[in-house]
Each structure stands twice: as structure tokens, then as C-alpha cells.
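# Tertiary structure, described
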Amino acid sequence: MQGTLKSKVVFSGVGLHGGGAVHMVVKPASANYGIWFRRTDVARGDALVPARWDAVQDARLCTRIANAGGVSVSTVEHVMAALAGCAIHNALIEIDGPEVPILDGSALAFVREFLAAGVIEQAEPVRAIRVLKPVEVREGEALARLEPSEMLEIDFRIDFAEPAIGQQEKRLSMANGAFVRELCDSRTFCRQADVDLMRANGLALGGNLANAVVFEGSRVLSPGGLRHGDEPVRHKMLDALGDLALAGAPVLGRYTGIRAGHALTNRLLRALFARHDAYDYAECGRQTGCKLPGVGVHRSDVPLHA
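What this report covers is the structure whose coordinates are included nearby. In this convention, every chain numbers its residues from 1, walking through the sequence in written order. Local features are withheld for residues below a pLDDT of 70 in this predicted model, meaning they are given only at 70 or higher, and side-chain atom pairs are given and counted only at 80 or more; totals for whole chains, interfaces and linings count all residues. Neither water nor hydrogens contribute to the side-chain values; these are computed over all heavy atoms in the structure.

When a carboxyl oxygen of Asp or Glu is within 4 Å of a side-chain nitrogen of Lys or Arg, the pair counts as a salt bridge. Taken as a whole, this structure holds 24 salt bridges when the rule is applied. Where Asp-41 meets Arg-39, a salt bridge forms, and the shortest distance between an N and an O atom there is 2.8 Å. Across the pair Glu-169 and Arg-157 runs a salt bridge whose closest N-O atoms are separated by 3.7 Å. One end of the pair, Glu-169, is in strand β15 (residues 167–173); the other, Arg-157, is in strand β14 (residues 153–159), with twelve residues separating them in the sequence. When salt bridges with common partners are traced through the structure, they connect Glu-136, Arg-138, Arg-145 and Glu-147 into a single cluster. Put simply, DSSP marks the helices as runs of H or I at least four residues long and the strands as runs of E at least two long, and each gets a number from the N terminus on.

Moving on to the sheet that holds strand β4 (residues 35–39). Paired strands, as defined in this entry, are two strands with at least two bridges between them according to DSSP. Spatially, the five strands line up as an open sheet ordered β2-β3-β9-β4-β5, and their pairing is mixed. Two strands close off the open sheet at either side, each with one partner strand: β2 (9–14) and β5 (48–50). Geometrically, the sheet is characterised by an average inter-axis angle of 25° between neighbouring strands, direction not taken into account. Summarising the sheet, β2 and strand β3 (residues 21–28) pair through six bridges and their orientation is antiparallel. Along β3, the bridge assignment pairs Ser-12 with His-23. Here helix α2 (residues 108–117) sits on the sheet and contacts β2 and β3; the angle it forms with β2, its principal contact strand, is near 165°. For helices, the fitted line uses only the C-alpha atoms of the stretch in contact; every axis is such a line through C-alpha atoms, and the angle between N-to-C directions lies from 0 to 180 degrees. Residue contacts follow a heavy-atom distance rule, with two residues in contact if any of their heavy atoms lie within 4.5 Å.

Let us now look at helix α1 (residues 77–85). Three exposure classes are used, based on accessible area relative to the maximum for each residue type with a 1.4 Å probe and protein chains only: buried under 20%, partly exposed in between, and exposed over 50%. Among the nine residues that make up α1, eight are buried, leaving the element largely enclosed by the rest of the structure. Those residues of α1 that fall on the buried side of the exposure criterion are Glu-77, His-78, Val-79, Met-80, Ala-81, Ala-82, Leu-83 and Gly-85.

Moving on: the packing of aromatic side chains. Here a pair means two rings of Phe, Tyr or Trp (six-membered ring of Trp) with centres within 6.5 Å. Their orientation is stacked below 30 degrees between planes, edge-to-face above 60, and tilted elsewhere. All chains considered together, the criterion is met by nine aromatic pairs. Between the aromatic rings of Phe-110 and Phe-114, the centroid separation amounts to 6.5 Å while the plane-to-plane angle is 25°, which identifies the pairing as stacked. A residue pair is termed a helical-turn pair when its members lie 3 or 4 positions apart in one helix, as Phe-110 and Phe-114 do in helix α2 at four residues. Arranged with centres 5.6 Å apart and planes meeting at 75°, the rings of Phe-160 and Phe-189 form a pair that is edge-to-face.

On to the packing of α1 against α2. At a closest axis distance of 9 Å, the pairing of α1 and α2 adopts a crossing angle of 35°. Every pair of crossing elements has a handedness; the one defined by α1 and α2 is right-handed. Where α1 abuts α2, its residues His-78, Val-79, Ala-82 and Leu-83 lie against Phe-110, Val-111 and Phe-114. A class-by-class count of the residues in the contact of α1 with α2 yields six nonpolar, one polar and no charged. Crossing handedness is defined as follows: a turn of the near helix away from the far one that is anticlockwise and smaller than a right angle gives a left-handed crossing, while the clockwise case is right-handed. When residues are sorted by character, Ala, Val, Leu, Ile, Met, Phe, Trp, Tyr, Cys and Pro go into the nonpolar class, Asp, Glu, Lys and Arg into the charged class, and all the rest, Gly among them, into the polar class.

Next up on the list: the state of the cysteines. Any cysteine sulfur atom paired with another within 2.5 Å is treated as part of a disulfide. Following the criterion strictly, the structure yields zero disulfides and no others. Cysteine Cys-62 shares no disulfide, and the gap to the nearest cysteine sulfur, in Cys-190, comes to 13 Å.

Right, let's get into unusual backbone geometry. Outside of glycine, negative phi angles account for most residues, and trans bonds account for most peptide bonds. With a phi angle near 55°, Leu-103 is a residue other than glycine that sits in the positive phi range. By secondary structure assignment, the location of Leu-103 is in the loop between β9 (91–95) and α2. A positive phi angle is found at Arg-259, which is not glycine, with a value near 55°. With respect to the secondary-structure elements, Arg-259 resides in the loop between β20 (254–258) and α6 (262–274). Of the residues examined, Arg-259 reaches a relative accessible area of 38% and is grouped as partly exposed.

Structure (C-alpha cells):
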């Protein structure tokens, strides 16, 4: 069955790229509503922005969605991953600025508050997107692929020159609350050289060692070090789930990402929906529904971090 929150949840923080303070309220919504953002600071015109793959306007450093009037919301991937990972299919997200708060750089706070508020089942069944044939996109050495599977699986590989990151690979089924237990607390990461370059260009102004893992050579600069020895690849998987959630319905398929990012995952969704023989919609019964991300997850599954 579809799911929504029992009550509204409030978040406040700064945006990673703009740096300004943001107030965001995630509200319950009726069955078949989907996920929408509403810019409460927009006084004229259409303030509603759909959380959909075809609304993605820019996905270089983060995922930004926009409506036909140009009203946009950026860095949506972490809250989208949390919604998908908590089996929340319908929500209205009211936000008073152009960027979702970065919080600690992961989806942990979103997951913690969603599960604390409670998720309720709705009467309507979930319609999932079933991948029927392999679809793949490439850019240089980067690759993103979807192929048939009975549930959502994510297989990700990264390769960085920094010794502190290096080559990492991980594969997970997203069934049985795996996102909440294994991925939701993994933070966004970058190299110190990237931070310096972005700030020189007026970007990442809200970034600091409290909301991102920063690497320099063989060193982890962020206090406390890593939450997982392979935290970078886990965060890439978190991002992939959030970007796949923009499909508009849960995806039943195996996603493979090799050096992939937001833009390539969005290109993959566009390639999938351009091929009508490569997917269909399936109403999830009890057997399939129990394999969807977030089904059966409990507050006790949330990782414990200060």
C-alpha cells in the first residue's frame, strides 16, 4: 500500500550551495498525490515544483528541479532518498528558499524525523515501474545502467585518486529497510581542492566540516573521521536512490553505477522512459510490496549518531 506521514515534520538549516538559512515542512498528502515541493517564498505565479525526472534542470553538483515558470528547488536528492527509504510515496514539501537544507550531509535527520512522526498506509496500492530490458548510458568512463530485477538493487563503484577514498564497491538490495540501516547516515564528500575551487566560484558557501566529509590526500579532515570505512560509495548509493525516486514511482530493477553522478542517473531515467518496450507499470501485491524500500522499517533500524 502507498504511504504518507502521520503528521508534518519541520526542518531548518542552511543550503549547501547557496548557504542561506532554509525552513522546510514535510506534510502528509493524499493517495496518488506523489511528491511535490511548494516554494512558500514565491508570491506570484506557480510555486509548485514536481519531484519528477522530467523536471530536473541541472544535476552537475546536486539535483535541481524546476517547474515551467522557472521556480526551482535544488539539492533534493537526500530528502527524496529518505522518503523512498521510509516508504513515503505522497508528501507536500513546503520550503521558503531555493535549496533543501543540507543538515549533516546525509539523509539521517530526515529518516529519523519521518520515522518518529510515523508513516501510515493508505488504501491505494503502489504502482511500481518494472524494468523489462537493460537500459544504459555512458559518459567517458562513467556508466549508469538499469536491468530487470524483482526488487530494487543498487550496485555502485567509485575510483578516486585520493588514497583516503581510492576504489570502493558495494551492492545492496533495498528491501527490508536496507537503506535506513546501511546508507542513510552516509554523508556527502569532496576533496579539499574541490571545496577551494567551488568557493572561488561562489559555490558550496554553506559547506563546512560538519555537513560534508572532506578528504585531502590520505587524510580525512572532518572531525570524528568516517562513519563507515566505505562511506563515500555508500553516499553515492544514497544519491542514486534519491535520484531514482524522481521516477515518480518505486523502481523494480537493478541499478549499476560506475563513477556515475546525479546527471548520469537522470539521463538514465530519460533513456528508460524513451523506450516504451523497456518498462511497464505493475501494481504491487503483498509479495512484491514487501520488497519495496522502507516497507517494514522501524525506528530501531536508524543508525545512532550524535
